[in-house]
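# Overview (structure and organization)
Chain by chain, the residues run as shown.
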Amino acid sequence: MTVDQQESAADGADAPTPPRRRSRRDEILQIAVGLFAARGYHGVSMDDIGAAAGVTGPALYHHFAGKEAMLAAALIPVSEELLDGGRARVAAHREDATAALASLIAFHVEFALANPAVIALHLHELDRLPEEPRRRIRRLQRLYVEEWVGVLTGLRQELDAAEARVLAHAAFGLMNSTPFLGGEVDRDRRAALLRAATLAALHG
């Protein structure tokens, strides 16, 4: 199967569900994430977020207890979404590691292109969280990595789990480069390039 065929199969098998309508809380959180990613966690105050969202302090605190709560609310659901989505794609291709890998890559690339600010936030600000939510996110991430490890060791018999884990983390580095990509290349082409590069790096 060619890369293009794998991409088409993945796209057809993993058609996204329509997004739910965003609440006011979701809108405020998106604004906060954008500000954190652009200025850094310590460079943004609750007043800054309220001003950007067009709400007063009391209204802002109605939704979030503070910046730490916003950071946790941004990062924990994303980690859960990645794990759930990864598991679903592996389960859908349980007998075909090649198709499972293509599906995982397509899923993660789409996530990375849709959420560059969240990726930047995770890369630079995760350690700002208190211990409990930070540990929860790390655990979700480890479980997500193991979905990739299972697929890679099934596809490439010469790899042990530790070696597959190295490759999985390297692939995430490639796919999670989206916060640093400019707009010179249109989104569909960027997605295709990222999918192809990641597949080539992992397939051996």
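Quick look at the structure, then. Keep in mind that this is a model prediction, so the values were computed, not measured. (Residues numbered from 1 in each chain as written. Predicted model: local features only at pLDDT ≥ 70, side-chain atom pairs only at ≥ 80, totals over all residues. Heavy atoms only, no water.)

Here we come to the layout of surface pockets. A probe as big as a water molecule, rolled over the atoms, marks out the empty space that is left. For the second largest pocket, the calculated volume is near 430 Å³. Along its surface, the second largest pocket is lined by 20 residues, and Leu82, His122, Gln141, Phe172 and Asn176 are the ones closest to its centre. Counting only elements with at least two residues in the lining of the second largest pocket, the list comes to helix 5 (67–92), helix 6 (97–114), helix 7 (116–125), helix 8 (131–155) and helix 9 (161–175). Per-element tally for the lining of the second largest pocket: the top contributor is helix 8, with six residues. Each residue belonging to the lining of the second largest pocket can be placed in one class, and the counts come to 11 nonpolar, seven polar and two charged. (1 Å grid on protein atoms, 1.4 Å probe; cavity = no way out; pocket = protein on both sides within 12 Å on 5 of 7 lines; lining within 4 Å. Points joined across faces, edges and corners; volume = space filled by probe spheres on them. Helix = DSSP H or I, 4+ residues; strand = E, 2+ residues; numbered from the N terminus. Nonpolar A, V, L, I, M, F, W, Y, C, P; charged D, E, K, R; others polar.)

What follows covers the pattern of salt bridges. Per the counting criterion, the structure on display carries 10 salt bridges. A salt bridge links arginine 24 to glutamate 27; the nearest nitrogen and oxygen atoms lie 3.2 Å apart. Residue arginine 24 and its partner glutamate 27 are both found in helix 2 (residues 24–39); the two are separated by three residues, about one turn of the helix. The partner of glutamate 125 in a salt bridge is arginine 128, with the nearest N and O atoms 2.9 Å apart. Residue glutamate 125 is classed as buried on the basis of its relative accessible area of 6%. (Salt bridge = Lys/Arg side-chain N within 4 Å of Asp/Glu carboxyl O. Buried < 20%, exposed > 50% of the residue type's maximum accessible area, 1.4 Å probe, protein only.)

Where helix 9 contacts helix 10 (residues 187–203), the axes come no closer than 10 Å and their chain directions differ by 165 degrees. In terms of orientation, helix 9 and helix 10 fall into the roughly antiparallel class. Every pair of crossing elements has a handedness; the one defined by helix 9 and helix 10 is right-handed. Where helix 9 abuts helix 10, its residues Leu167, Ala168, Ala171, Leu174 and Met175 lie against Leu194, Ala197, Thr198, Ala201 and Leu202. Here the contact of helix 9 with helix 10 is built from residues that sort into nine nonpolar, one polar and no charged. (Axes fitted to C-alpha atoms, helices over the stretch in contact; angles between N-to-C directions. Parallel < 35°, antiparallel > 145°, perpendicular 65-115°, else oblique. Left-handed = near helix turned anticlockwise from the far one by under 90°. Contact = heavy atoms within 4.5 Å.)

Next up on the list: the packing of aromatic side chains. Where two aromatic rings form a pair, the distance of their centres and the angle of their planes describe that pair. Within the structure shown, the criterion is met by four aromatic pairs. Their ring planes at 10 degrees and their centres at 5.6 Å tell us that tyrosine 144 and phenylalanine 172 sit as a pair that is stacked. One end of the pair, tyrosine 144, is in helix 8; the other, phenylalanine 172, is in helix 9, and 28 residues separate them in sequence. No difference in accessibility class separates tyrosine 144 from phenylalanine 172, as the two residues are buried. Its guanidinium or amino end placed over the ring of tyrosine 41, lysine 67 lies 4.3 Å from that ring's centre, counting from NZ or CZ. (Phe/Tyr/Trp six-rings, centres within 6.5 Å; stacked < 30°, edge-to-face > 60°. Lys NZ or Arg CZ within 6 Å of the ring centre and 35° of its normal.)

Bringing helix 9 into the picture now. With 15 residues, helix 9 extends 21 Å from end C-alpha to end C-alpha; this agrees with the ideal 21 Å at 1.5 Å per step. By the burial criterion, the buried members of helix 9 are Ala164, Ala168, Ala171, Phe172 and Met175. The buried residues of helix 9 all sit within an arc of 100 degrees when viewed along its axis, so they share a single face. In this structure, the buried residues of helix 9 make contact with helix 6, helix 8 and helix 10. (Expected span 1.5 Å × (residues − 1). Arc of directions from axis to C-beta.)

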